[in-house]
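# Chains, contacts and geometry: an overview
Listed below, chain by chain, are the residues.
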Amino acid sequence: MSLPICDLLPIYDVVGAVIAALQTSQQVLLHAPTGAGKSTGLPLAILQQAPLSGRIIMLEPRRIAARSVAERLAEQLNEPVGMTIGYRMRSETKVSDATRLEVVTEGILTRMLQQDPELNGVSLVILDEFHERSLQADLALALLLDVQEGLRDDLRILVMSATLDNQRLSALLPDAPVIVSEGRSYPVTRSYHPLPTHQPFEQSVASAVLRLLQQETGSLLLFLPGVGEIQRVMSQLEDKINGDTLLCPLYGALSLAEQRKAITPAPAGMRKVVLATNIAETSLTIEGIRLVVDSGLERSGRFEPKSGLTRLITQRISQASMVQRAGRAGRLEAGVCWHLFSQEQAERAREHNEPEILHSDLSGLLLSLLQWGCRDSSQLHWLDNPPEPALAVAESLLLRLGALDDNQQLTSRGWQMAEFGSEPRLAAILCSAQESDDKEGKSRAALVTAAKLVAILEEPPRRGQPDLLYWLTANQRHWQQRANQLIRNFTNQLADKTNHAGNLRLDLVPELLVQGFPDRIAKNRDNLGRFQLANGLGVALEREEPLSGEAWLVTPALQQGNSHPDAQVLLACPLVIEQTIKRYPHLFTEHTTVEWDDNKGSLRAWKRLQCGRLIVKAQPLAKPSAAELQEALLNWVRQEGVSALNWSQEALQLRIRLQRATEWLPEVNWPGVDDEALLNSLERWLLPALDGVDNLKGLRQIELSSCLMELLDWQQRQILDNELPTNYTVPTGSRITIQYFHDKPPVLSVRMQEMYGEQQNPVLAKGRVPVVIELLSPAHRPLQITQDLAAFWQGTYREVQKEMKGRYPKHLWPDDPANTAPTRRVKKQM
């Protein structure tokens with residue numbers, strides 16, 4: 001059939017160039033500004049004109065955009081979605097045998113590749129809005145490049161965006177032609193209006209919106225960082241706007257009906273104010289918008305490998321996002337954009353968006369790589385390589401979830417988890433439920449319960465009750481739809497036509513959660529809402545919450561804030577620890593420890609059952625053995641730090657010498673002697689000295705300089721003594737101590753008479769470091785400090801000689817000290 005192309009779209013000017021490039025190049029880069037029609041015009045043009053035998057897959061980063069783009073494309077063909085144009089996303093698919101262009105969301109494309117690495121029947125993959133640099137888009141590009149390299153040299157990739165980082169992409173794809181569409185958007189008048197500091201943020205933003213609505217006609221799009229700000233600004237506006245103006249929130253968690261209300265045109269004679277997160281920056285066409293108010297803020301997650309949590313931070317947007325936001329005002333006519341910050345702040349902002357891959361939880365990415373058969377991420381081509389610390393944390397989590405064996409190979413559970421398309425923790429819950437049902441051989445109660453549980457955790461409630469059991473019994477349609485889909489994945493039954501409500505088993509919820517969140521088992525610390533997790537992190541509930549009095553919880557949903565050290569518990573479930581020990585003994589370990597009891601002033605031995613860092617049970621033991629005593633003393637040092645030991649001057653100087661040796665003699669592999677390194681190597685340098693030591697008094701009597709020497713081999717000791725000696729032999733034969741410092745050169749303090757005859761300044765570390773010489777009077781008071789002794793003898797010495805002859809006449813003050821014999825005596829004794 002003939003497909004219409006809207007020749008009014010600016011993208012039409014480059015359609016020929018794009019199609020020609022796709023015929024000769026495996027990858028093509030397209031830069032097309034907002035409103036050019038790259039999402040809703042170009043795909044139809046390629047479908048009509050390009051000689052492609054297979055389907056086109058187009059990746060859209062957000063579900064609301066994917067659905068909107070697919071509907072817009074189908075509308076141009078006067079067809080319903082699911083015919084020539086279809087879409088796939090989590091919980092919803094509309095495709096048929098007639099579908100030639102599929103719009104898919106992130107994650108869907110990755111699963112399509114995993115299930116069919118050759119992408120049979122697909123000729124072109126389009127990565128839209130790539131500038132957002134989402135984790136899944138980066139992964140999809142890496143996998144697609146791998147497919148082109150090894151399986152499908154005929155597969156084509158089109159990467160397009162409104163603010164493409166061409167320089168970096170061209171470095172990754174050096175053979176890819178870059179095509180630029182100039183676009184024909186309407187002019188947008190941009191101005192800067194910094195918010196007053198004396199007003200609350202939401203009040204200032206609402207005032208700016210009201211002023212612009214009074215000055216200009218048309219509907220308005222307001223960008224805010226998050227849902228909380230949207231709701232608070234709406235409450236500020238509700239009583240102040242005219243009756244002909246609709247207020248429409250727009251964010252990812254809204255229902256489809258509410259999202260449609262925000263993006264469809266306002267009724268005749270009315271206008272609207274759309275309050276949106278950065279979900280409205282790209283792809284979506286919001287009808288009737290000619291005014292934009294940009295708060296200049298966005299909320300994004302930062303995964304912290306140490307805690308295993310993602311911290312939500314509010315930050316300034318990039319310059320690219322500012323351009324995108326302003327461009328929404330010029331889609332249909334000339335528009336106005338107010339940036340609620342200064343022009344100086346705009347100029348200081350980073351140029352492009354930060355890639356998600358650099359600050360995200362990578363457990364899902366690692367599971368996908370292992371499913372792909374890639375055990376080393378460096379084997380693939382990345383725009384930004386996945387950070388090693390985050391990959392290490394991801395590997396540790398997959399091991400704990402049972403997805404990996406000790407050889408870092410996927411287990412049977414790991415393969416099944418990879419098929420689900422859910423986050424690894426949630427996939428582990430589903431696997432556990434299926435395994436439980438298979439053992440029981442009865443109803444699908446565990447799977448039904450797990451599916452509802454996973455549906456809630458995928459899209460948790462934004463406010464209210466933190467008790468997860470409450471939400472499991474709530475009748476929320478979208479959760480049940482997602483649960484039914486998950487059940488279908490297991491049973492191949494039409495679960496949405498089956499009533500599973502009677503199968504829901506709340507008593508199974510704690511043990512299912514433990515399978516996905518073993519590190520989130522939490523022990524009550526004070527009955528005031530403060531808990532400690534098995535991984536050591538502190539979390540908190542509001543005191544008045546009933547769950548705050550529970551002895552044990554599982555806390556699958558946490559939020560790490562910036563103002564409080566404890567993470568906030570968003571969702572939790574009570575846990576009976578005795579049942580968990582019985583059902584999952586592998587989560588608990590027994591330890592025999594000996595530690596110092598400060599209250600009793602003695603060492604005590606304990607047998608403890610622990611869940612991670614949490615003590616579940618503790619039982620005192622009899623007198624410990626010598627080995628247990630030594631381990632207890634090492635544990636005390638780990639707890640108190642190495643500074644609690646008795647550091648003699650000799651030991652302190654040795655530590656400094658070793659630290660300076662690392663700096664001045666880097667060609668030698670010196671051991672680390674900072675606090676952290678010493679704590680990590682206690683068994684090597686301190687343990688040998690603990691023989692016969694059974695209390696803290698004995699521990700503090702150990703000479704640590706001899707202990708530190710245990711860290712050095714014979715060759716290192718020789719180099720240290722020769723190049724950074726403790727003493728320097730002056731011309732009289734006296735061995736004078738050299739003082740070493742962390743932050744300044746070494747110093748030799750010596751009476752001037754003993755340095756006569758020394759013509760050159762002493763140096764250390766193979767001549768790289770001159771010694772600071774502090775020349776002293778006969779009374780051992782400083783006369784001169786120098787790092788160039790020869791220059792001193794020839795210069796400043798004359799002034800010192802003149803003054804000292806009168807003050808110390810019995811001592812020798814020669815005219816030529818560099819060639820005078822040194823002395824420790826007065827002239828009479830000489």
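These numbers were taken from a predicted model, which means no experiment stands behind them.

## Notes on the overall build of the protein chain
Looking only at helices and strands, the protein chain features 29 helices and 31 strands. Over its C-alpha atoms the protein chain spans a radius of gyration of 36 Å, topping by over 25% the 28 Å that the globule rule assigns to 830 residues. Put simply, 66% of the contacts in the protein chain that link residues at least 6 apart link residues at least 24 apart. Total accessible area on the protein chain stands at roughly 38,300 Å², and carbon and sulfur atoms take up 46% of it. Charged side chains of the protein chain number 87 positive and 98 negative; the gap between the two group centres comes to 5 Å.

## Looking at the sheet that holds strand β7 (residues 156-161)
In spatial order, the strands read β4-β3-β5-β2-β6-β7-β1-β8; together these eight strands make up an open sheet with mixed pairing. This sheet does not close on itself; its edge strands, each paired only once, are β4 (92-94) and β8 (178-180). Across the sheet, the mean angle from the axis of one strand to that of its neighbour is 20 degrees, orientation sign disregarded. Pairing geometry for strand β3 (residues 85-89) and β4, over three bridges, is antiparallel. Following the sheet pairing, M89 is matched in β4 by E92. Against the sheet, helix α2 (residues 42-49) contacts β1 (27-31), β2 (55-60), β3, β5 (101-105), β6 (122-127) and β7, and its axis sits at roughly 170 degrees relative to β2. Sitting on the sheet, helix α5 (residues 135-150) touches β1, β2, β6 and β7, and the angle it makes with β7 is about 155 degrees.

## A few points about helix α19 (residues 509-516)
When you tally the buried positions in α19, you get eight out of eight residues, the bulk of the element. The set of residues buried in α19 consists of V509, P510, E511, L512, L513, V514, Q515 and G516.

## Side note on the confidence of the model for the protein chain
Per-residue confidence for the protein chain gives a mean pLDDT of 87; residues scoring 70 or more make up 94%. Note that pLDDT drops below 50 for residues 1-7; the model gives that stretch 17 contacts with residues more than four away or on any other chain. Every residue in residues 493-499 scores below 50 in pLDDT, and together they form eight contacts with partners more than four places removed in sequence or on other chains.

## What about the pattern of salt bridges?
As enumerated under the stated definition, the model contains 39 salt bridges in all. Among the ionic pairs, R88 bridges to E102, the shortest N-O distance being 2.6 Å. Taken together, the residues R88 in strand β3 and E102 in strand β5 connect sequence positions 14 residues apart. Residue R88 is classed as partly exposed on the basis of its relative accessible area, which comes to 28%. R133 is the salt-bridge partner of D138, the closest N and O atoms lying 2.6 Å from each other. Residue classification places D138 among the buried residues on the basis of a relative accessible area of 4%. Among the residues examined, R133 registers a relative accessible area of 7% and is labelled buried.

## Things to note about the sheet that holds strand β21 (residues 567-574)
The strand order around the closed barrel formed by five strands is β17-β18-β19-β21-β20, and the pairing between neighbours is mixed. The average undirected angle you get between the axes of adjacent strands in this sheet is 50 degrees.

## Re the side chain of Q315
On the secondary structure map, Q315 appears in strand β15 (residues 309-316). Within the structure, Q315 has its side chain in polar contact with the side chain of S300 (distance 3.3 Å). Ignoring any residue separated from it by four or fewer positions in sequence, one finds Q315 in contact with G296, L297, E298, S300, R302, R350 and E354.

## Thoughts on the nonpolar core
Across soluble globular proteins, nonpolar side chains have a tendency to be buried as a group. Of all hydrophobic cores here, the largest spans 102 residues; its most connected members are L109, L127, I429 and L513. What L109 contacts, discounting residues up to four positions off in sequence, is I57, L59, V104, V125, L127, A140 and L144. Counting residues in each nonpolar core, the second largest holds 59 residues, with W685, L696, I702 and V800 among its members.

## Topic: the pairing of strand β27 (residues 747-751)
Of all five residues in β27, four are buried; the element is thus mostly enclosed. As defined by bridge partners, β27 adjoins strand β30 (residues 772-776) across five bridges and the pair is classed as parallel. Across the sheet, the residue bridging to V747 is V772, located in β30.

## Considering the environment of S705
Relative to the elements of secondary structure, S705 occurs in helix α26 (residues 704-708). The contacts of S705, once residues within four sequence positions are left out, are E650, A651 and L654.

## Thoughts on the packing of helix α1 (residues 15-24) against α2
Where α1 contacts α2, the two axes come as close as 10 Å, and the packing angle between them is 60 degrees. As the angle between them shows, α1 and α2 are arranged oblique. Between α1 and α2 lies a crossing of right-handed hand. Note on element contacts: α2 touches α1 through L42, A45, I46 and Q49, opposite V15, V18, I19 and L22. A breakdown of the residues in the contact of α1 with α2 according to their chemical character gives seven nonpolar, one polar and no charged.

## Quick look at the packing of aromatic side chains
Enumeration over the complete set of coordinates arrives at eight aromatic pairs. A ring pair is formed by Y470 and W471, whose centres lie 5.0 Å apart and whose planes are at 80 degrees; its orientation type is edge-to-face. Here Y470 falls in the partly exposed class, since its relative accessible area comes to 45%. Residues F792 and W793 carry aromatic rings whose centres are separated by 5.4 Å and whose planes lie at 45 degrees to one another, so their mutual orientation is tilted. Of the residues examined, F792 reaches a relative accessible area of 3% and is grouped as buried. Classification of W793 by relative accessible area gives buried; the value is 3%. In this structure an aromatic cluster arises from ring pairing among Y756, F792, W793 and Y797. In this structure, R655 packs its charged tip against the face of W647, placed 4.8 Å from the ring centre. Stacked on the ring of F741, the Lys or Arg K744 has its end atom at 4.5 Å from the ring centre.

## Side note on α2
A large share of α2 lies buried, amounting to six of its eight residues. Taken as a whole, α2 has its buried residues at L42, P43, L44, A45, I46 and L47.

## A word on the environment of S68
One can find S68 in helix α3 (residues 63-76). S68 sits in the buried class, given a relative accessible area of 17%.

## Section: unusual backbone geometry
Phi at E129 takes a positive value of approximately 50 degrees, unusual for a residue other than glycine. Here N527, not a glycine, exhibits a phi torsion of approximately 60 degrees, which is positive. The topology assignment puts N527 in the loop between β17 (521-524) and β18 (530-533). With a relative accessible area of 53%, N527 lands in the exposed category.

## Brief notes about the pairing of strand β11 (residues 245-250)
With six bridges joining them, β11 and strand β12 (residues 271-276) adopt parallel strand pairing. In the strand pairing of β12, L250 is matched with A276. The handedness of the β11 to β12 crossover, carried by helix α9 (residues 256-263), is right-handed.

Cut-offs used in this document
Residues numbered from 1 in each chain as written. Predicted model: local features only at pLDDT ≥ 70, side-chain atom pairs only at ≥ 80, totals over all residues. Heavy atoms only, no water. Helix = DSSP H or I, 4+ residues; strand = E, 2+ residues; numbered from the N terminus. Rg over C-alpha atoms; globule rule 2.2 N^0.38 Å. Contact = heavy atoms within 4.5 Å. Areas by Shrake-Rupley, 256 points an atom, 1.4 Å probe, with all protein chains shown as cover. Lys, Arg positive; Asp, Glu negative; His and termini not counted. Charge placed at Lys NZ, Arg CZ, Asp CG, Glu CD. Pairing = 2+ DSSP bridges. Axes fitted to C-alpha atoms, helices over the stretch in contact; angles between N-to-C directions. Buried < 20%, exposed > 50% of the residue type's maximum accessible area, 1.4 Å probe, protein only. pLDDT = per-residue confidence, 0-100. Salt bridge = Lys/Arg side-chain N within 4 Å of Asp/Glu carboxyl O. Polar contact = N/O pair within 3.5 Å; in protein donor to acceptor, adjacent residues only side chain to side chain. Core = buried A, V, L, I, M, F, W, Y, C linked by side-chain atoms within 4.5 Å. Parallel < 35°, antiparallel > 145°, perpendicular 65-115°, else oblique. Left-handed = near helix turned anticlockwise from the far one by under 90°. Nonpolar A, V, L, I, M, F, W, Y, C, P; charged D, E, K, R; others polar. Phe/Tyr/Trp six-rings, centres within 6.5 Å; stacked < 30°, edge-to-face > 60°. Lys NZ or Arg CZ within 6 Å of the ring centre and 35° of its normal. Right-handed = clockwise from strand over helix to strand, strands pointing away.

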